[in-house]
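Summary of the model geometry
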Amino acid sequence: MRALADCRLYGILDTGYIPPRQAVSVVQAMLDGGIDILQLRSKSASHDQMVSLGEKILPLTRAAGIPLIINDHPAVAGEIEAEGVHIGQDDGSLEEARLLAGDGAIVGRSTHSVAQARAAVAEGADYIGFGPLFATPTKPDYPPIGTADIRVVHEEHPTVPIFCIGGITPGNLAAVLAAGARRVVIVSAILQAPDVAAMVAGLKKTLAGTP
């Protein structure tokens, strides 16, 4: 299984963009392109629906040696034995999520400011998402925070994987990396690409040019 520290391009299978019936084919394309870590996110799905979808995806990610992270449902992560769970600011404590997700599970936390990043690291998050950097339909209720604080959070937490997120595209990725990012989450640019595998491979190539 790929170590979290070695993951730079974080993909999300979001059912807001991809209907469940296309999940397996899209996940396979992302894996073929070289995605480093994958999250399953479905804001409208029930527990049972998340379990069903996760059980379809997990054999693919496991065969590729790529961690599967379940969004918002630590109990689902525990039930299907996914590699981890991702929670937001309003989703309870990391301790509770870790108990539900199981021993050894990766637990990540969304953060939207330097202060929230500090709190998540202090609480013991295995990684943090930092954003949204730019306006994005994926998180319409969160104002974009821009790129000015990217370098600050990396300097403050040099040993914690930080995945910048929110409105990142092939067109602005170089600027995000120049601002200090080392890892990114990209959603719509991948899921809406005519060739998902080629998009992922191209993004990986851009990331490979950055330390």
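Residues numbered from 1 in each chain as written. Predicted model: local features only at pLDDT ≥ 70, side-chain atom pairs only at ≥ 80, totals over all residues. Heavy atoms only, no water.

1. A look at the nonpolar core
The biggest cluster of nonpolar side chains holds 71 residues, and the ones touching the most others in it are I57 and I70. Those residues in contact with I70 that sit more than four places away from it in its chain are L40, M50, V76, A77, I80, A82, G84, V85 and H86. (Core = buried A, V, L, I, M, F, W, Y, C linked by side-chain atoms within 4.5 Å. Buried < 20%, exposed > 50% of the residue type's maximum accessible area, 1.4 Å probe, protein only. Contact = heavy atoms within 4.5 Å.)

2. Some points on helix 4 (residues 94–101)
Of all the residues in helix 4, the buried ones are L94, A97 and A101. Summarising the axial view, the buried residues of helix 4 lie within an arc of 60°, below the 170-degree limit, and thus occupy one face. Away from its buried face by more than 90 degrees, helix 4 exposes E95 and L99. Buried residues in helix 4 make contact with helix 3 (74–80), strand 4 (84–87), strand 5 (106–111) and helix 5 (114–123). Two residues or fewer past helix 4, G102 is found with a positive phi of approximately 110°. (Helix = DSSP H or I, 4+ residues; strand = E, 2+ residues; numbered from the N terminus. Arc of directions from axis to C-beta.)

3. Concerning the packing of aromatic side chains
This structure, assessed with the given rule, holds three aromatic pairs. Taken together through their ring pairs, the aromatic side chains of Y10, Y127 and F163 make up a single cluster. (Phe/Tyr/Trp six-rings, centres within 6.5 Å; stacked < 30°, edge-to-face > 60°.)

4. With respect to the environment of V24
Structurally, V24 is set in helix 1 (residues 23–33). Considered as a pair, V24 and T210 are 186 residues apart in the sequence and their alpha carbons are 31 Å apart. Filtering out sequence-adjacent residues up to four positions away, V24 remains in contact with K56 and L60.

5. Topic: the packing of helix 1 against helix 9 (residues 196–208)
The description of two helices packed together rests on the angle between their axes and the distance between the axes. Packing of helix 1 against helix 9 leaves a shortest axis separation of 7 Å and a crossing angle of 35°. Classified by chirality, the crossing of helix 9 by helix 1 is right-handed. Contact with helix 1, carried on its side by V26, A29, M30, D32 and G33, involves V196, A197, V200, A201 and K204 of helix 9 and no other residues of that element. Looking at the contact of helix 1 with helix 9 residue by residue, the classes come out as seven nonpolar, one polar and two charged. (Axes fitted to C-alpha atoms, helices over the stretch in contact; angles between N-to-C directions. Left-handed = near helix turned anticlockwise from the far one by under 90°. Nonpolar A, V, L, I, M, F, W, Y, C, P; charged D, E, K, R; others polar.)

6. Considerations on unusual backbone geometry
In this chain, G131 is followed by P132 through a cis amide linkage whose omega measures 5°. Relative to the helices and strands, P132 resides in the loop between strand 6 (127–130) and helix 6 (150–156). Positive phi is not limited to glycine here, since D72 has a value of about 70°. When you line up the elements, D72 lands in the loop between strand 3 (68–71) and helix 3. Classification of D72 as partly exposed rests on a relative accessible area of 27%. Of note, the phi angle at E81 is positive, near 60°, even though the residue is not glycine. Secondary-structure assignment places E81 in the loop between helix 3 and strand 4.

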